[in-house]
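Chain and residue survey
In case you want the letters, here they are:
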Amino acid sequence: MTYFPLTDAQRHWLEVAETVGRETLAPRAADTDRTATFPAEQLAALRSVGLMGLRGDPDHGGVGEGLLTACLVTEALAKECPSTALIYKMHLESIEMVCRAPTAEQSANVVPKLVAGEWLSTVAGSEAGHKGGAWADAPKASVAQVDGGYEVANIAKSFVTAAGKADSYFFMCSLERPEQRPKQLMFQLLSDDLDWTVDEPWDGLGMRGNNSSPMTFNGRIPEERLINPDNQPVDFFPVVLATYAATYLGIAAGCYDRLHAHVAGATLADGRRMGDVETIRGRIANCKVEIERSRALLYATCAAFDEGRHGGPQPFYEAKVASDQLATFVTAEAMTLGGGAAFAKHLPFERYFRDARAGMVMGLAHDIAVQSIGRLLFPKPKEDRKK
Ligand SMILES: Cc1cc2nc3c(=O)[nH]c(=O)nc-3n(C[C@H](O)[C@H](O)[C@H](O)COP(=O)(O)OP(=O)(O)OC[C@H]3O[C@@H](n4cnc5c(N)ncnc54)[C@H](O)[C@@H]3O)c2cc1C
């Protein structure tokens, strides 16, 4: 049962995601993890059912669905294959800004391909030495403005999901300005705009199908790749945070479903059914409560966004923080209740347990998201803000 009231369209897209998750993602998830193989076939399945353009404008061939639908879908995919879901989430995050505020050129030549899923997109933001990843406050590496574009010299991105596999990159960098903070620039680059190398194979603890490798970029970015040159107001960050939250909520929920099935079917050495042991069913009940609590927060927050009544970013930080913690909590409980079989990798819990760890460090790292909430709770007095 979904506690939150969903529209027919939301229910429809949830069912589409559940079906593709069950039929195409779930049977391949363990292999994707074991072999660290990029899930090309799974992404093709998402494309074939129209999920890549879920939030795209119908004028560009998109579905035009809201943030809640995007999160329902991301959660459903993450339940079955977190690696595929994270690549999908990165595509949504990467194309959001250009879909919301395209130039005429982007509207004609770029957005329709991204929305159709003909081009897979991803985020090239984080840099080693710029602590906190893509969305932290530190300025990114600089480009030089030249005639007709921007010169990129050896910009190294530390983690790029779908590195070398994506057709387009949401590329973050800075432009130095005399006596001012550097200007943050965002581009939607096509993969053949720049020379690039993938600098290491991806062999992560979790999210092993992601190809989240470091990359180095060189060359000239054409001027027309700049996103939102007129600085239109686009409320974009909630989409980044909410789809992260949905991914980690999905990891918790996918692990929980398997844990529940395991406990419902297992007996202990003394002959008792696992589900009849109070401490065991208490732990499961607690996981269920925590999942519904985080889910309610995320869905309510997304619905507020879709209705334009969310106010500011705080609830999205809260939803991301809640889901990160939830995923690490539920997957750790599953590892305990799965006993030696879980530890020996005979049960799927350890895969979710490893994938869940990424939520604590990635996107906006968990601790930075917590700090962001703290700053909003205790704003500096106006006179201190420039200090
Ligand atoms: C699986 C995976 C996929 C990824 N995919 C992408 C991608 O597609 N695109 C992309 O751009 N990036 C990606 N990243 C990078 C990710 O966003 C960064 O790893 C993350 O933002 C943290 O940055 P960092 O690794 O530099 O950690 P660091 O900045 O070194 O932080 C390490 C820890 O220090 C603490 N910390 C750091 N700064 C602060 C602060 N200001 N306040 C309080 N605590 C702090 C936190 O505990 C943090 O976890 C990915 C990472 C992973 C693990």
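**A word on the overall build of the protein chain**
In terms of helices and strands, the protein chain carries 12 helices and seven strands. Over its C-alpha atoms the protein chain spans a radius of gyration of 21 Å, differing by no more than 12% from the 21 Å that the globule rule assigns to 387 residues. By its C-alpha atoms, the protein chain is 75 × 50 × 40 Å across when sized along the principal axes. The burial tally for the protein chain puts 47% of its 387 residues in the buried class. A sequence separation of at least 24 residues applies to 74% of the contacts in the protein chain between residues at least 6 apart.

**Details of the pairing of strand β3 (residues 149-160)**
Of the strand pairs in this sheet, strand β2 (residues 142-146) and β3 are connected by three bridges, and their pairing is antiparallel. By the bridge assignment, A144 is partnered in β3 with E151. Connecting β2 to the next strand, β3, in antiparallel fashion are two residues, including G148 with a positive phi near 80 degrees. Bridge count for β3 against strand β7 (residues 213-222) is eight bridges, and the pairing is antiparallel. Counted as the bridge partner of G149 is P222 from β7.

**Brief notes about the domain arrangement of the protein chain**
Each assigned domain of the protein chain is listed with its residue range as follows: domain 1 (8-116), domain 2 (121-225) and domain 3 (237-382). Taken over C-alpha atoms, the centre of domain 2 sits 30 Å from the centre of domain 3. On the side of domain 3, 10 residues touch domain 2, which itself brings seven residues to the contact. Of the residues contributing to the side of domain 2 that touches domain 3, the split by class is four nonpolar, three polar and no charged.

**What to know about the site of the ligand**
Taken together, 25 residues are adjacent to the ligand, and G125, G133, A134, F159 and T161 come closest. Elements represented by at least two residues in the shell around the ligand include exactly β1 (121-124), β3, α11 (349-361) and α12 (366-377). In terms of residue class, the shell around the ligand is built from 12 nonpolar, 11 polar and two charged.

Reading the values: the criteria
- Residues numbered from 1 in each chain as written.
- Predicted model: local features only at pLDDT ≥ 70, side-chain atom pairs only at ≥ 80, totals over all residues.
- Helix = DSSP H or I, 4+ residues; strand = E, 2+ residues; numbered from the N terminus.
- Rg over C-alpha atoms; globule rule 2.2 N^0.38 Å.
- Buried ≥ 20, exposed ≤ 12 C-beta atoms within 10 Å, placed from the backbone.
- Contact = placed C-beta atoms within 7 Å.
- Pairing = 2+ DSSP bridges.
- Domains from an automatic or database assignment.
- Nonpolar A, V, L, I, M, F, W, Y, C, P; charged D, E, K, R; others polar.
- Near = placed C-beta within 6 Å.

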